[in-house]
Amino acid sequence: MRKHLLWAGYGVLATLVGIGLAHLAAALTTPATSPVLAVGSAVIDRTPTPVKEWAIRNFGTADKVILVGSVLAGVLVLAAVAGVLARRRLAVGAGLLVALVAVAAGAVLTRPEAGVTDLLPCLVAAVAAPLALRLLARTHRTAHAPDGGRRTLLLTTLALTATAALGGVAGRTVSRLRLRPEDISLPAPAEPAPPLPRGLDDQVPGITRFRTPTTDFYRVDTRLDVPVISAEDWALTIDGDVDHQVTITFDELLAMPLIERDITLTCVSNSVGGPYVGGARWLGVRLTDVLDRAGIGQTRADQILSTDVDGMTISTPLALATDGRDAMLAVGMNGRPLPREHGFPVRMVVPGLYGFISATKWVTRLTLTTYAAQDAYWTRRGWATDAPIKLAARIDTPRALAQLDPGDVVVGGVAWAQERGGVQGVQVRIDGGAWVDAQLGPDGGADYWRQWFHRWSATPGSHRIAVRATAADGEVQTATRAEPFPDGASGLHELLVQVRG
Ligand SMILES: Nc1nc2c(c(=O)[nH]1)N[C@H]1C(S)=C(S)[C@@H](COP(=O)(O)O)O[C@H]1N2
Ligand SMILES: [Mo]
């Protein structure tokens, strides 16, 4: 038994050496081609929608950490088996390790824009892991020969552990360095946004900030890594059913008139009261100005199929994107170039539509086509093609199940009503009583969220707080419950609190 454990350990160590060095090779070339990340991405793309929904609901943004952890755990179990097999016959154990790498290579090659050079990290793993296993097997035999050599075995183990760790850490460091933003300066907007009024941030403790700081902005995408694109290499092609196909460089894009807008981005995966929503100031070129370069006067298209740098696709209803709303190809966020996580160098932002049908990050192609002819990533997974952001209000403070002192309690949060003229009113209801008007924070524009608060004299006991929003177009937020799939959650945000006696 002890022998088995020892050999299982050799298998795991050899595999970690392969993974660590491959991770470094990937960081230096294309981060997404790191074997574990590639398998993780392949799993994401093949996970059935209900399972994905469940994972996002229960683990939130940690779903990816859990996914990569599970993939890694599975690999290491097989690696241990390979080690045990190598005890009898090295070739069998090494063969299993190579087979594992082959699975990862398959995952790398199924990535939409994969090329042969993307196999480099897998190649590194396919060579390093079996070599490490052989080294361990040989040193083990020598160590257990009559004349000993246990010191050498210990040193070999330590050296290989260090190699694996250094590979992993160096890979991480290189990736981090490459993720640093590029030093570019953006022109001033031709149409600046008015200054954003001071929000209720300092007045209502616990309320969501009126302007989401860029570093706190939610991130939702299908990737485990962040693409590294240089503005100089970037270009946008507009093709499909257009008068003439055009390609625009980053400098050409910046030479067009820029607009600046405060827009609240919202993810369809939010359950009622969910966290994936943020307010930022976006700088970009009007989408219609860009489409006009290619000419869409004669088009029979009904969707804009946008493609990102790795071939991931998002479709946006053409009629909605060009109906006069401030849809843009954004280059700036909160006064700075886009961070890489949020789409550097260029992303789409379309007010009023959930991100999954509008907010393509790292966008490189806009294809004018029809829903009948082409399906985007989420369309194939059953999500709606037409998904306006639903009118919603969220309670930020107090927290659900909070223990409060009786007396004055400030209930507060945010509400959003993009492309409905903005939020006109917010009402609060305690214990199923009458709806009472909350006070609204300042107006940041029709496509921006609004903060609200309500002073409540809390009495001892358990209480239920509910909130609902009204839009400027008269719509009142529905109480009818719907899950995020397929076109966004609805229902009222409601929570329980305890007031001490
Ligand atoms: N290339 C690409 N763009 C994407 C996605 C993606 O997976 N890949 N996710 C979309 C979704 S679902 C949302 S809600 C927004 C989120 O943008 P953020 O991460 O900047 O907040 O990006 C959208 N753009
Ligand atoms: Mo989303």
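Residues numbered from 1 in each chain as written. Chains lettered and ligands numbered in written order. Predicted model: local features only at pLDDT ≥ 70, side-chain atom pairs only at ≥ 80, totals over all residues. Heavy atoms only, no water.

## A short note on the UniProt feature "transmembrane region" (unreviewed entry) in the chain
- Following the UniProt record, one finds the feature "transmembrane region" (unreviewed entry) at residues 65-85, 90-109, 115-133 and 153-171.
- Between the C-alpha atoms that bound residues 65-85 there is a distance of 30 Å. The span itself is 100% helix and 0% strand.
- Between the first and last C-alpha atoms of residues 90-109 the distance is 28 Å; the span itself is 100% helix and 0% strand. (UniProt positions renumbered as here; feature names shortened; annotations may be inferred. Helix = DSSP H or I, 4+ residues; strand = E, 2+ residues; numbered from the N terminus.)

## So, the sheet that holds strand β5 (residues 303-308)
- The mixed open sheet is built from five strands, whose spatial order is β2-β1-β10-β5-β6. Strand pairing shows two members of the sheet lacking a second neighbour, β2 (246-249) and β6 (313-317), which therefore form its edges. Mean inter-strand twist for the sheet, computed between neighbouring axes without regard to direction, equals 20°.
- For β5 and strand β10 (residues 363-369), the ladder comprises six bridges, and the chain directions are antiparallel. Note on β10: the bridge partner recorded for Ile304 is Leu368. (Pairing = 2+ DSSP bridges. Axes fitted to C-alpha atoms, helices over the stretch in contact; angles between N-to-C directions.)

## Some remarks on the pairing of strand β3 (residues 258-266)
- Burial of β3 is extensive: nine of the nine residues sit out of reach of the surface.
- Judged by which residues are buried, β3 turns out to be covered on both faces: Leu258, Glu260, Asp262, Thr264 and Thr266 on one side and Ile259, Arg261, Ile263 and Leu265 on the other are all buried.
- Here β3 pairs with strand β4 (residues 277-286) via nine bridges, running antiparallel. Paired with Leu258 across the bridge in β4 is Val285. (Buried < 20%, exposed > 50% of the residue type's maximum accessible area, 1.4 Å probe, protein only.)

## A closer look at helix α2 (residues 35-46)
- Taking 1.5 Å as the rise per residue, α2 with 12 residues should run 16 Å; its terminal C-alpha atoms sit 17 Å apart, in good agreement.
- Turning to α2, its buried residues number three or more, namely Pro35, Val36, Leu37, Ala38, Gly40, Ser41, Ala42 and Ile44.
- Looking at the packing, one finds that the buried side of α2 touches α1 (2-28), α3 (49-59), α4 (63-88), α5 (90-109), α6 (120-143) and α11 (377-380). (Expected span 1.5 Å × (residues − 1). Contact = heavy atoms within 4.5 Å.)

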